[in-house]
Amino acid sequence: MGGNELKYIQEAFETNWVSQYGSNIDEFEKSLENYLGNNSFVTALSSGTAAIHLALSLLNVEEGDFVICQSFTFVASANPILYLKAIPVFVDSESSTWNICPNALEDAVKYCLSKGKKPKAIITVSLYGMPFMVDEILEISRKYEIPIIEDSAEALGSKYKNQPCGTFGDLSIISFNGNKIVTTSGGGILVSRKEIDKNKALFLATQAKDNKDYYSHSEVGYNYRMSNISAGIGRGQMEVLENRIKERRKNHDFYQQIFKDKEGMDLFSAPNEDFYSNYWLNTVLIENDILSKEGLKDFFLQNNIETRCLWNPMHLQPLYNTCKFFGNDFSGTIFAKGLCLPSGTNLTDDCKNRIADVLNKL
Ligand SMILES: *Cc1c(COP(=O)(O)O)cnc(C)c1O
């Protein structure tokens, strides 16, 4: 926590706005609209997953529609496609950003067109905080007139060519779950380019009440609004966001130092200066004949240092492995070779020294 979160929660209690209305929600949304710029409209919601569900609903995704989704991601990117009984089509990643591959994406679009149905949306992800190949993907989106839903759940504070992630999609989402770079304990936002999309999202997120003086409902809605208590945490967290990004990027500098002379261990880094990552998590690929990913994981664990597997791509999940997939299984390959390294903003110098010592010992 940054320090002022409790003050804003207290404010909610004192004014008795313990509800899905109140000034914390308004101020949290405003602070994000200012932060993201580019005429963004922000709707605070109960989770990032809810934001993706609403984004698909705003694009009128219905039963039997195709929705294209990056395969290498956390399952929450894809699940809302199934909530709406639509058909997910998964696309592999390319090696420079680990995000959706433009060539495989175009193949997926052509497949859907050959089946007589244009995909309703393309869900792109900026995984681990690394922006996707924005120019190339937006070009395909424009060429085929298919809207982008940008899943920037992990990428608040990241930028592509100096423009913030969360502003590239026709609709974008950011998560404030407890594991993200800043948190509201649980929560998310939908970012839209148009005010009418925000108004529609608000309507759907609050049970789709018609504008009447009695309870009238003409379409199905959800209970997806963020609470004023959570938004109070979010207000406090926005005040320390820049500091959190700085800390995460410092962690990355540290890992660059300790991995630079380690043959067969490739720290994943931005391909060039256009890509500014918040380095939410640092990841490393083990491409080594004498050491496996499991070997590194076990050795670290013996020394009381936890590492974790990368996200397991959707086309390899029991839930999704019968879906169409386009690509060469690059994401499956990195899943087999990669690990996430300790990356919290509270990683102390002592922790870092211990990690460096253990790696050198290995
Ligand atoms: C966390 C996450 C989500 C879901 O956000 P929640 O707020 O946890 O619902 C979606 N996509 C990705 C890539 C995530 O990391």
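None of the values given here were measured: they were computed from a predicted structure. (Residues numbered from 1 in each chain as written. Predicted model: local features only at pLDDT ≥ 70, side-chain atom pairs only at ≥ 80, totals over all residues. Heavy atoms only, no water.)

Student: Would you explain the sheet that holds strand β13 (residues 308-309) in this entry?
Tutor: What links the strands of a sheet is backbone hydrogen bonding, and the strands pair in either a parallel or an antiparallel sense. With antiparallel pairing, four strands are arranged side by side in an open sheet as β10-β12-β15-β13. Since the sheet does not close on itself, it has two edges, and those belong to β10 (265-267) and β13, each with one partner. Of the strand pairs in this sheet, β13 and strand β15 (residues 338-341) are connected by two bridges, and their pairing is antiparallel. Counterpart to cysteine 309 in the pairing with β15 is leucine 339. (Pairing = 2+ DSSP bridges. Helix = DSSP H or I, 4+ residues; strand = E, 2+ residues; numbered from the N terminus.)

Student: Could you clarify how one ought to interpret the site of the ligand in this entry?
Tutor: Around the ligand sit 15 residues, and of these Gly48, Thr49, Glu154, Ser175 and Lys180 come closest. Within the contact set of the ligand, a nitrogen atom lies 2.8 Å away from a side-chain nitrogen or oxygen of aspartate 151. Burial of the ligand by the protein amounts to 94% of the accessible area it has alone, namely 380 Å². Counted by class, the shell around the ligand contains four nonpolar, eight polar and three charged residues. (Near = heavy atom within 4 Å. Polar contact = N/O pair within 3.5 Å; in protein donor to acceptor, adjacent residues only side chain to side chain. Areas by Shrake-Rupley, 256 points an atom, 1.4 Å probe, with all protein chains shown as cover. Nonpolar A, V, L, I, M, F, W, Y, C, P; charged D, E, K, R; others polar.)

Student: Looking at this structure, how should I read the side chain of serine 216?
Tutor: Mapping serine 216 onto the fold places it in the loop between α7 (195-205) and α8 (228-238). Accessibility expressed as a relative area gives 14% for serine 216, which makes it buried. Of the polar contacts made by the side chain of serine 216, one reaches the side chain of aspartate 210; its length is 2.8 Å. Beyond its immediate stretch of four places on either side in the chain, serine 216 contacts Ala208, Lys209 and Asp210. (Buried < 20%, exposed > 50% of the residue type's maximum accessible area, 1.4 Å probe, protein only. Contact = heavy atoms within 4.5 Å.)

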